[in-house]
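# Tertiary structure, described
Okay, here's what each chain looks like letter by letter:
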Amino acid sequence: MSLSSFARVEQSAGDGRVEVGARRIYILPTRYGVIYAVLLFLMLLGAVNYGNNPSHLLTFLLGALGSNAIYLTWRNLRGTRMRCLGSAPVFAGQPAVFVVEFQGDERERPGLQIGLDDCEPVLLDLEATQTERRELRIDGLPRGLHPTGRLVLSTQYPVGLFRAWCYVECAQPMLVYPRPGERWNVPGTEAGTRDGEGDGGGTEDFAGLRRYLPGDQPSRIDWKSYARDRGLNTRLFSSHALAPVWLDWEDAPGAGVEAKLSALCRAVLDAERAGREYGLRLPQGLVSPGSGPAHRHQCLRQLALHGSEHA
Amino acid sequence: MRDALSMLPIPGRLLGVLLVLLAALMAPHALNLNPSVLAFFYIASAWRMLVIWRPQWMPGRWTLLLLMIAALALVVFSTGVADGRLAGTALLVVMLGLKLLEIRARRDIQVTVFLGYFLVMTQFLYDQSLALAIYLFVGVLALTVIQVGLNRVHADMRVQVRKTAGMLIAALPMASVMFLLFPRLDSPLWAISSSAAVTGIGDEMSLGDIGELTQSDAVAFRVRFFGPQPEPTQRYWRGPVLWRTDGRHWSPDIRPIRYTQPAGRRAAPLSYETTLEPSGERWLFGLDMVVDIPPNTRVDANGALLAAERLNKRFTYRAGSDPEMHATTLGSHEHALALQLPERLSPRVQRLAAQLRGDARAGDDAMPIALQALKYFRENPFVYTLSPGTLGSDPVDEFLFETRRGFCEHYAGSFVTLMRAAGVPARLVLGYQGGEYNPRAGHWVVRQSDAHAWSEVWVAGQGWTRVDPTAAIAPERIEHRIDTVRSQAGAQVVFQAAPDGVLSDLLRNAVWIADAVDLGWHRWVIGFSAERQSSLLQTLGLGNLRGLGLAIALLIGATLAAALAYLIARLPKPIVNDPLPRMWNRFIDKLRRAGITVHGWQGADTVCSTAMQRYPAASDQLVAINRLYVQLRYGRRRDPRQMQALRHRIRVLRLRPARQAR
């Protein structure tokens, strides 16, 4: 058990809100604080030796400034309001982006640094009454559901002599889908399984638009709506004519759990892109057929959680 | 977690400002340091300034090493190491220059700012004037602004000036407590190099000498009295007597010093022990007039006490004085000397002397004539100042009739000349006047700033009688600091202040305020000594505190002061730069443009209902704006989201004339 597990930690509420409490803040002098103290000591020696009163006054003024800095630095952190917005699910291999939103109150809070325990922190000057978002990139997460870990919010403002920091634990975990594998032929996607006659107008009917999701085929992007400044959208085609595809754990190629999961992940993406209804058949259970972003997420989530107690 | 701030690039403007600031803070050292040392710094500074635009000119590691060797050699050869203060300052200056050439990251700037604080301190070792202190305080503020800027992501210095000033002001109470309670030493921690000239009263006087001396707060001597303490009017510490003058310079009798026996007729009423700081002279200073002399010392014919040899270390002696005593020897030689006048004495001075003698209507009686002369000083606009400006070829005439600005030596010198011109034998006495009582130690401290010159006139039947013309200057004309001890000491001849009418003069009041500030700076900062500290503690009822007790009092006091500063800071303050009124004004502007008359005295409800009558279509929006504004303006807490909502609603508000059938 490491020492840091005894640390006082600010827990986020259910919706990710955190307000930094006065008693959760740690403060220690920085390297500059130590240098500053040595410098003031030398100045005091000089002042005493030469019996020089203005030097005494200057030394004490700087000393008082340094000692007030303890309070000022602490105050810069106290009451900071933030919200952990969590991160969108990513595929293994992609960096997870954890979003934190700061809500300015009546005090400006310059020089804030937020980061995970061992990562390069992200900086911001939080203006009064402004809301700012910062993204924390986390690389190299394996498939699964990960707790966010401990965020460190720190500041050295105003004079850099002290660093005040507090630990924040966010409730939102980060979900990492399996890495999509090679494309493979899923049984049941052949043309022969088509149900009923083609209607001559093509195999698929235009069914509407939805917001673009990473992984959608570029050919399905609705460039017209993009040109009209409505953002990237993907054209959906109705697949009522096609029977649901069953993506079966047993059918998935590859040796080992991860390879199978990667293959199934690819299959889910392909099926979704093809506009087919698809279901998932896993050792731990079924995901009944469906389509659309929510269904896709549901399937990928099952794959991501395979083998863990969340499943 | 690493510190991401210190890895950010240096904002070029910030570095430029820092370089200019350091150059300005260095400037006063032009008076103190060897020019080559200063040149080294300024060249390094200019070089670093160029690097802002030409990063490839940044010196490399080897260049810096060579420069460092060169800098050390420069300090050793230009300044030497004999004077610790000068050598230390020169070393700091070249090191600061080298540091500038090394600035690569924000971290380096932080350290440079610290060195800047140290640079400010070294300035005080050479000059402690109020003007310089104000200049340097502004410099410290600017340095702190830069330091604060370094700890933000976007170093916008203008935003920070107000905040930083507030921080420094909040630090003042604590700094003052530490300043007042931190123990002061009587002697330095380690020997200060002896090349700093020993100041003290010599046996000659030129106009300006004493003025220079009074700038120094060095202790001249300390005196402990056994039995009664001297009255304020008795605190004249007598030194050499000067006879011969050419109007500008005063010098002693040309003959070798003649010693006499002190002319005491009775036991000395005041007996004391004096510890004299090394002065490099033979003069010992006894209270006017010395009757019991210590062993190995002698008294000259003028009543001045002398040691057997020059005093190069502290010297302690016991003596006794009788303030009622007058020197009563006036040989023919002295008589002639006491009437000697400068070769050129202007007709104006002669006329004035004759007039004084005539007004006194007392024949040869010296005292009435002296009083007439003092009346002349009092009734004409004479000013006591330590910066009288220079006087031309006939200083006495110029001082008496034109400039009328001077300090004790001007007054004493011209008074003696005037007396002599009026036929009254007179002479000039150098010494110290006043002193400060240390209630805890029970002794008096006399400083170089207490150096003084006064005069003595020969009064038939009484002998040499002290007259201090400086004390005759009307108090409101005292332009420069003069210790209250001295002004209350007055002199043997005490006069009343000038009539009240002049006090109403605005300009004079301004001079007074400036004087009070300067005096405060002098009394409470420069001259704050162990003696003054102990008398302050005595006043506060903490007179018995020493060592640990004082340290605890210091801690408690400093903490209380800091707490006080932040209690004040937490008081609700007028909201400066409040966005709410600005939003409201934007709203009112919109209404006015839409043709609605809005008066300043109208409340929000009234304004909105007026607008609604005119534009019923916009009723919903107007009501919403009104509700938000009232909540924000009078509510307990301000919700930032409401602020944004209000801003948004005011921005999108469109007032289109309603098509009403009327």
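See the structure shown above.
Reading the values: the criteria
Residues numbered from 1 in each chain as written. Chains lettered and ligands numbered in written order. Predicted model: local features only at pLDDT ≥ 70, side-chain atom pairs only at ≥ 80, totals over all residues. Helix = DSSP H or I, 4+ residues; strand = E, 2+ residues; numbered from the N terminus. Buried ≥ 20, exposed ≤ 12 C-beta atoms within 10 Å, placed from the backbone. Core = buried A, V, L, I, M, F, W, Y, C linked by C-beta atoms within 7 Å. Contact = placed C-beta atoms within 7 Å. Pairing = 2+ DSSP bridges. Nonpolar A, V, L, I, M, F, W, Y, C, P; charged D, E, K, R; others polar. Right-handed = clockwise from strand over helix to strand, strands pointing away. Axes fitted to C-alpha atoms, helices over the stretch in contact; angles between N-to-C directions. Parallel < 35°, antiparallel > 145°, perpendicular 65-115°, else oblique. Left-handed = near helix turned anticlockwise from the far one by under 90°.

### Some details on the overall build of chain B
Counting secondary structure elements, chain B contains 21 helices and 20 strands. Burial statistics for chain B: of 662 residues in total, 37% are counted as buried.

### Focus: the nonpolar core
Among the nonpolar cores identified, the biggest contains 119 residues, and A:Leu61 and A:Val268 are the most heavily contacted of them. Those residues in contact with A:Val268, other than ones at most four positions away along the chain, are A:Leu247, A:Tyr278, A:Arg296, A:Cys299 and A:Leu300. If you look at the next biggest cluster of nonpolar residues, it comprises 78 residues, including B:Ala319, B:Met325, B:Leu356 and B:Val457.

### Regarding the sheet that holds strand S1 (residues 205–206) of chain B
Residues and elements named next belong to chain B. Pairing is antiparallel across the open sheet formed by three strands, whose spatial order is S1-S5-S4. Taken across any chain shown, the strands that pair with only one partner, and hence form the sheet edges, are S1 and strand S4 (244–245). Direction of pairing for S1 relative to strand S5 (residues 249–251): antiparallel, over a ladder of two bridges. Its bridge partner lying in S5, Met205 is registered against Trp250.

### Things to note about the interface of chain B and chain A
Tallying the contact residues gives 45 residues for chain B and 50 residues for chain A. For the side of chain B that touches chain A, the element with the most residues is helix H7 (residues 157–181) of chain B, which contributes nine residues. Residues belonging to the side of chain B that touches chain A are distributed by class as follows: 37 nonpolar, five polar and three charged.

### Re the pairing of strand S7 (residues 270–276) of chain B
Residue and element names in this part refer to chain B. Every second residue of S7 is oriented toward a common face, the buried set being Leu270, Tyr272, Thr274 and Leu276 and the non-buried set Ser271, Glu273 and Thr275. Here strand S2 (residues 219–226) runs beside S7; their pairing, made up of six bridges, is antiparallel. What sits directly across from Val223, in S7, is Thr274.

### Some remarks on the pairing of strand S17 (residues 278–282) of chain A
All names here are of chain A. Residues of S17 alternate between two faces, with Tyr278, Leu280 and Leu282 buried on one and Gly279 and Arg281 left unburied on the opposite face. At this point the chain moves from strand S16 (residues 245–248), through helix H4 (residues 257–274), to the parallel S17, and the crossover so formed is right-handed. In textbook terms, the turn of a hairpin is the stretch between consecutive antiparallel strands, and for S17 and strand S18 (residues 285–290) this stretch comprises two residues.

### Describing unusual backbone geometry
In this structure, A:Pro158 follows A:Tyr157 across a cis peptide bond, with omega equal to 10 degrees. Mapping A:Pro158 onto the fold places it in the loop between strand S11 (150–155) and strand S12 (162–169). A cis amide bond, omega -15 degrees, links B:Asp288 with the succeeding residue B:Met289. For B:Met289, the location among the structural elements is in the loop between strand S9 (286–287) and strand S10 (290–292). Positive phi outside glycine occurs at B:Arg404, with the angle close to 55 degrees. Note that B:Arg404 resides in the loop between helix H12 (395–403) and strand S15 (405–406).

### A word on the sheet that holds strand S10 (residues 144–146) of chain A
All names here are of chain A. The three strands are arranged S5-S13-S10 in an open sheet whose pairing can be described as mixed. Each edge of the open sheet carries a strand with a single partner, namely strand S5 (90–91) and S10. Note that S10 and strand S13 (residues 174–177) share three bridges and pair antiparallel. Its bridge partner lying in S13, Leu145 is registered against Leu175.

### So, the packing of helix H1 (residues 31–49) of chain A against helix H2 (residues 53–77) of chain A
A pair of packed helices can be characterised by two numbers: the angle between their axes and the separation between those axes. Residues and elements named next belong to chain A. The geometry of H1 relative to H2 is characterised by a closest axis approach of 9 Å and an angle of 160 degrees between their N-to-C directions. The orientation of H1 with respect to H2, classified from their angle, is roughly antiparallel. With respect to the hand of their crossing, H1 and H2 are arranged in left-handed fashion. Of the residues in H2, those in contact with Tyr36, Leu40, Met43, Leu44, Gly46 and Ala47 of H1 are Ser55, His56, Thr59, Leu62, Gly63 and Gly66. Classifying every residue of the contact of H1 with H2 by side-chain character gives six nonpolar, six polar and no charged.

Note that every value here comes from positions in space, so none of it alone points to a role or purpose.
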